[in-house]
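Observations on chain architecture
In case you want the letters, here they are:
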Amino acid sequence: MSAAFPLRYVEPVFRPPSEAESLILPVTDGCSWNQCTYCEMYTAPQKRFRARDEDEVIDGIRRLGELYGDRLRRVFLADGDALVLPTRRLLAYLEAIRAHLPGVRRVSSYCLPRNLRKKSVDELRALREAGLSLAYVGAESGDDTVLARVNKGETFDTTREALDKLGAAGITRSVMLLNGLGGTAFWQQHADNSARLINATQPEFLATLVVSFPKGEERFRAGFPEWQPLDLPGLLAEMERLLTGLELKRTVFRSDHASNWLVLKGNLPVDKARLLAQVRSALATPETAPLRPAWARGL
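The structure contained in this document is the topic of the report that follows. All values reported here derive from a predicted model rather than from experimental measurement.

So, how was this worked out
- Residues numbered from 1 in each chain as written.
- Predicted model: local features only at pLDDT ≥ 70, side-chain atom pairs only at ≥ 80, totals over all residues.
- Heavy atoms only, no water.
- Buried < 20%, exposed > 50% of the residue type's maximum accessible area, 1.4 Å probe, protein only.
- Helix = DSSP H or I, 4+ residues; strand = E, 2+ residues; numbered from the N terminus.
- Pairing = 2+ DSSP bridges.
- Right-handed = clockwise from strand over helix to strand, strands pointing away.
- Contact = heavy atoms within 4.5 Å.
- Axes fitted to C-alpha atoms, helices over the stretch in contact; angles between N-to-C directions.
- Parallel < 35°, antiparallel > 145°, perpendicular 65-115°, else oblique.
- Left-handed = near helix turned anticlockwise from the far one by under 90°.
- Core = buried A, V, L, I, M, F, W, Y, C linked by side-chain atoms within 4.5 Å.
- Salt bridge = Lys/Arg side-chain N within 4 Å of Asp/Glu carboxyl O.

Attention now goes to the pairing of strand β4 (residues 74-78). Burial analysis of β4 places four of its five residues in the buried class, which makes it a mostly covered element. Relative to strand β5 (residues 106-110), β4 runs parallel, the two sharing four bridges. In the strand pairing of β5, V75 is matched with V107. The parallel pair β4 and β5 is bridged by helix α2 (residues 87-100), and the resulting crossover is right-handed.

Quick look at the structure:
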């Protein structure tokens, strides 16, 4: 932590793409679960999970207020799952943000479904009233077989319960699914049960990413030895099946992460036919240049 900036970061730091303009406020280091075999975000030794000291966090918020006054508009509570913290401590942080950063209009956080099992709807509602307005939930899949293979530590039912709790408390939910997570063996049930989960919970936002392994597949394959990756037509076919199965009332859909081969953006259900047409057109010509992933296009 420098004299000029009052927050201490432990690299690498992660945040959702939509939090690009947010202040990243560390309230924990790492991820309290950190056993999902597809995820490498918090496996570095320095990212071992721990809660930040409460006085350190609140002092950082106070000093940010002295530096920036009411100029900050958004805050993202880092690292992997800030909602693992006790409700009392989270309320203290939210109250400090309100007191020292009066310009903030949105506070968000990643959220593991397991962290909501001990939190009541009333507790979550109190967090919402104190300023926590958005939770990013990495559901990854709605299929219990796939979830078990990747050691997610969740099931269809536990993820649904968490999303329903957040919804009942008035906290906006942004759900993430991993295209290709089931591989060639389970892609159909992965798509079908993921659609079933999303239909059952009706989240406000839905995003898809493509599963990838920058550090290699050894850790992932240890628990999922039969996994074989989907090729491009397979990924597109899975996306078509997912979109076909979605029956939503009002959800913003995004498939525009750097890992995605085909950029899709729309609102469901009004744009469902257009999105399906885009996927089907891509399936008919999978070799075309626009289907290279964003990172390969230099974006």
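Right, picking up where we left off after that structure.
Within the secondary structure, L262 sits in the loop between β9 (251-255) and β10 (264-268). Along the chain, L262 and V137 lie 125 residues apart, while their C-alpha atoms are 22 Å from each other.

Residue placement: A284 occurs in helix α9 (residues 272-284). The spatial distance from the C-alpha of A284 to the C-alpha of G167 is 39 Å, given a sequence separation of 117 residues.

Quick look at the environment of G103 now. Structurally, the position occupied by G103 is in the loop between α2 and β5. Judged by relative accessible area, G103 falls into the buried class, the value being 2%. Separated by 30 residues in sequence, G103 and R73 have C-alpha atoms that sit 5.4 Å apart. Aside from chain neighbours lying at most four places away, what touches G103 is D70, L72 and R73.

Turning next to the packing of α2 against helix α3 (residues 121-130). Orientation of α2 relative to α3, taken along the N-to-C sense of each, is 10°, at an axis distance of 9 Å. With respect to α3, the axis of α2 lies roughly parallel. Relative to α3, the crossing made by α2 is left-handed. For the pair formed by α2 and α3, the contact residues are T87, L90, L91, L94 and R98 on the first element and E123, A126, L127, E129 and A130 on the second.

What follows is about the nonpolar core. Counting residues in each nonpolar core, the largest one holds 59 residues, and the members touching the most others are I97, L243 and L246. Counting residues per element, this core draws most heavily on α2, at six residues. Those residues in contact with L243, other than ones at most four positions away along the chain, are F253, L264, K272, L275, L276 and V279. Counting 25 residues, the second largest nonpolar core, distinct from the first, contains C31, W33, Y110 and Y136.

Once that is clear, we can look at the pattern of salt bridges. Between side chains of opposite charge, a pair can form as their charged atoms come close. Tallying each qualifying case throughout the model produces 23 salt bridges. Between R8 and E56 there is a salt bridge whose closest N-O contact spans 3.1 Å. Placement of R8 in the segment before β1 (23-26) and of E56 in helix α1 (residues 54-68) is noted, with a sequence separation of 48 residues between them. Owing to a relative accessible area of 25%, R8 belongs among the partly exposed residues under this scheme. The closest approach of N and O atoms between E54 and R89, which form a salt bridge, is 3.7 Å. Of this pair, E54 sits in helix α1 while R89 sits in helix α2; the two residues are 35 residues apart in sequence, bridging distant segments of the chain. Shared partners join several salt bridges into a network, and the residues in it are R8, D29, R50, R52 and E56.

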